[in-house]
Each structure stands twice: as C-alpha cells, then as structure tokens.
Amino acid sequence: MNAQPRIALVTGAGRGIGRAIALRLARQSATVVVNDMAEAGASAAEAAAAISDTGGRASTALGDISKEEDVARVVDAVLAEYGRLDILVNNAGITRDQLLMRMSPDDWDRVLAVNLKGAFLCTRAALRPMVKQRSGRIVNIASVVGMIGNPGQANYAAAKGGLIALTKTCAKEVASRGITVNAIAPGFIDTEMTRRLPEQVKQEILKQVPLACFGAPEDVAGAVAFLASDDARYITGQVLRVDGGLVTA
Ligand code: NAP
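Heads up: these notes are all about the structure in this document. Everything numeric here is computed off the predicted structure, so don't read it as measured data. Throughout, residues of each chain are indexed from 1 in the direction in which the sequence is written. Local features in a predicted model are, by the rule used here, given only for residues with pLDDT of at least 70; side-chain atom pairs are given and counted only at 80 or more, and totals for whole chains, interfaces and linings are based on all residues. Processing note: side-chain calculations cover all non-hydrogen atoms of the structure and skip hydrogens and water entirely.

### Thoughts on the packing of aromatic side chains
Now for step 1: The criterion for an aromatic pair is that two Phe, Tyr or Trp rings (for Trp, the six-membered ring) have centres within 6.5 Å, with stacked assigned to planes under 30 degrees apart, edge-to-face to planes over 60 apart and tilted to the rest. Scanning the entire structure with this criterion turns up one aromatic pair.
Now for step 2: With a centroid separation of 6.0 Å and an interplanar angle of 50 degrees, the aromatic rings of Phe188 and Phe214 are classed as tilted. Residue Phe188 is found in the loop between strand 6 (179-186) and helix 7 (192-195), and its partner Phe214 is found in the loop between helix 8 (199-208) and helix 9 (217-227); the two are separated by 26 residues along the sequence. Considered together, Phe188 and Phe214 belong to a single accessibility category, that of buried residues. By definition, any uninterrupted DSSP run of H or I lasting at least four residues is a helix, any uninterrupted run of E lasting at least two residues is a strand, and each is numbered from the N terminus. Whether a residue is buried, partly exposed or exposed follows from its accessible area with a 1.4 Å probe, protein chains only, as a fraction of its type maximum: under 20%, in between, or over 50%, in that order.

Set out below in structure tokens:
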C-alpha cells in the first residue's frame, strides 16, 4: 500500500464488518485505532489484540460516536498518540426495525443519530488534521438499503441514503485538499446484525442475490482497503456496492 504506515480510525470495530476492516487495514500495514461503544470495551480490546497477535499495530479509543464530546475525545486521543490521521472508516451502525406506521420517534432518532449524525461528527473531527496534512481517505459504510429502500427499515434507509448524500457533498468540499470520500453499500453480510433476521426472510433475500449467498465481513473489508489505498487516488464521491449483484441499476 504505502511505504509509510498510515493511521486509521475505524468506528464500531469491535465486531462484525468493522472488526474485519480493522484487521484488513492492519494487514496492509496501517496502524489501526479500534473504536467501539464504551460499554463494549472488551470487544474493542479483543479486536486490537487480534491485530497485535498477527504482527500489526493497534490501539483502542472507546466512545459513542453519536455524541459530539465522545467523538472529540476519540479523535483527540488518536492525534495525541500518533500525531496524524490518514484513514477514517465510518462503520458504526445500528438497526431498530419496524414498519413505519409503528415506528417510534425514539427508534427513528437513535438510528439517525448513530448512522448519520455519528458519521457527520467523526468526519468533521477527522477533517481538521486531514486538511492540515492535505491528504486523507474517508470511507463511509452505507447500505444498498439506502439506495433501494427496504420495508421495516425507514429509519435505517433514510440514514444510509443520507450518508450517501453526505459522502458526495463532502467529497466535493474537500477534494482540493487531497482528501477522498467514498461510500461502500454492502448488501446482506453475515454478521450479528443480519443473524437476527428470521430464517424465512433470509431465504427470500437469497433468492434475489445473483451470487446466491450472504457476503462475509471480509468482502467489505477488501473494498475498504482498496478505497483507502493509493490505487484509489482518483476515485472520490462514489458508492461501491458489495452486494453479490443484488442491485445493478
Ligand atoms: P454489527 O455486527 O451490529 O456491529 C456494529 C458495531 O458498531 C458494533 O461493534 C457496535 O458496538 C458498534 N456501534 C454501534 N453503535 C455505536 C456507537 N454509537 N458508537 C460506536 N460504536 C457503535 O453490525 P455490522 O453488520 O458489522 O455493520 C457494520 C456497518 O455495516 C453498519 O454501519 C451497518 O449498517 C453496515 N451494513 C451492514 C450490513 C449487513 O448485512 N451486516 C449491510 C449493509 C450495511 P456494540 O458492540 O457496542 O454494539
């Protein structure tokens, strides 16, 4: 990737897709800061230890990315320890599924707060050092649901659609500073988030996936590694689907 190790911050990296991204970036010689919710500190520490065990470099910075003060603390900790920030992966996300007519305003607010406002807060904080460095890579983990919608996920789809719009806008704002901003739209990936789905729903989804299987977290991690690499230096404001062919239009 790069001769000089780069510093990467991955939000929600204690498990699932974020953990796979953290491990993959570390394998490509980035030093990785693993963020997760404070209460789940054990999983962040475990992910960082898994990186160290394989010869990589990692540390943890716990905090709820939907809270401005936590985000400031996390990014300040990265800068205090490493003096720079090269890669931000806005991965942390949650679902609170319910048909729109029954969806509570609390479930709407929480999903928007984590999946969209969280990415905004992290991006804003990360841009400070990146603009000074005149370089940076931001990768937002959106979802195909933000492009095509999904019954029962009005809050999640709105947040992910918003995240795609945020990606495009931010890409235009900071391109002149040598910073690229892209999104990945995963389809259905085998993590705790999708393991919660009833078996019948999973079978229905699989019928619509040309590659006829769920993706693995590593499939998303590989795409992130590409967008964070020098090979992607001329790509910004784009949405890369990692969905087994689910969405082709
Ligand atoms: P997951 O297994 O549920 O993991 C989510 C991670 O985010 C957990 O480590 C969680 O920490 C962390 N997190 C949640 N809220 C947070 C907050 N406020 N601050 C910091 N960390 C927080 O989910 P996943 O499937 O890996 O999903 C990762 C991302 O991919 C999400 O943005 C999701 O929307 C997106 N995505 C997933 C799929 C899929 O099929 N799985 C498809 C499309 C997009 P805790 O352990 O504390 O909960």
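### Focus: the state of the cysteines
Now for step 1: Here, two cysteine sulfur atoms that lie within 2.5 Å of each other are counted as a disulfide. Going through the model one piece at a time under the given rule, you end up with zero disulfides.
Now for step 2: Unpaired in this structure, Cys170 has its nearest cysteine sulfur neighbour in Cys122, at a distance of 12 Å.

### Some words on the pattern of salt bridges
Here the idea is simple: oppositely charged side chains can pair when their charged atoms come close.
Now for step 1: Note on definitions: salt bridges are taken to be side-chain nitrogens of Lys or Arg within 4 Å of carboxyl oxygens of Asp or Glu. Summed over the entire model, instances satisfying the criterion amount to nine salt bridges.
Now for step 2: A salt bridge links Arg124 to Glu68; the shortest N-O distance between them is 3.0 Å. Taken together, the positions of Arg124 in helix 4 (residues 105-133) and Glu68 in helix 3 (residues 68-82) put the pair 56 residues apart, joining distant regions of the chain.
Now for step 3: Overall, the relative accessible area of 46% leaves Glu68 in the partly exposed class.

### Things to note about the site of the ligand
Now for step 1: Only a single heavy atom is needed: when it lies within 4 Å of a molecule or strand, its residue is near that molecule or strand. In the region of the ligand, 31 residues are neighbours, and Arg15, Asp36, Asn91, Tyr156 and Thr191 sit closest.
Now for step 2: In the analysis that follows, any N or O atom pair within 3.5 Å is treated as a polar contact, provided that within protein one partner can donate a hydrogen and the other can accept it, and provided that, for residues neighboring in sequence, both atoms belong to side chains. Interatomic distance of 2.8 Å between a backbone N/O atom of Ile17 and an oxygen atom of the ligand.
Now for step 3: Per-residue and other accessible areas follow the Shrake-Rupley method at a 1.4 Å probe size, with only the shown protein chains counted as cover for residues. Contact with the protein chains covers 93% of the free accessible surface of the ligand, which is 900 Å².
Now for step 4: Listing elements by their share of the shell around the ligand, those giving two or more residues are helix 1 (16-27), helix 4, helix 6 (154-174) and helix 7.
Now for step 5: In terms of residues, the shell around the ligand owes the most to one element, helix 7, which gives three residues.

### Structural notes on the sheet that holds strand 5 (residues 136-141)
Now for step 1: Spatially, seven strands are ordered 3-2-1-4-5-6-7 in an open sheet, and the strand pairing comes out parallel. Pairing within the sheet leaves two strands with one partner each, and these edge strands are strand 3 (57-60) and strand 7 (239-242). Mean inter-strand twist for the sheet, computed between neighbouring axes without regard to direction, equals 20 degrees.
Now for step 2: Here, strands pair whenever DSSP counts at least two bridges between them. Note: strand 1 (residues 7-10) against strand 2 (residues 31-34), four bridges, orientation parallel. Across the sheet, Ala8 pairs through a bridge with Val32, a residue of strand 2.
Now for step 3: Whether two residues are in contact is decided by their heavy atoms, any of which lying within 4.5 Å being enough. Interaxial angle, 0 to 180 degrees, is taken between N-to-C directions of lines fitted to C-alpha atoms, where a helix line uses only the stretch in contact. Here helix 3 sits on the sheet in contact with strand 1, strand 2 and strand 3, set at roughly 160 degrees to strand 1.
Now for step 4: Taken strand by strand, helix 6 contacts strand 5, strand 6 and strand 7, and its axis lies near 160 degrees from that of strand 6.

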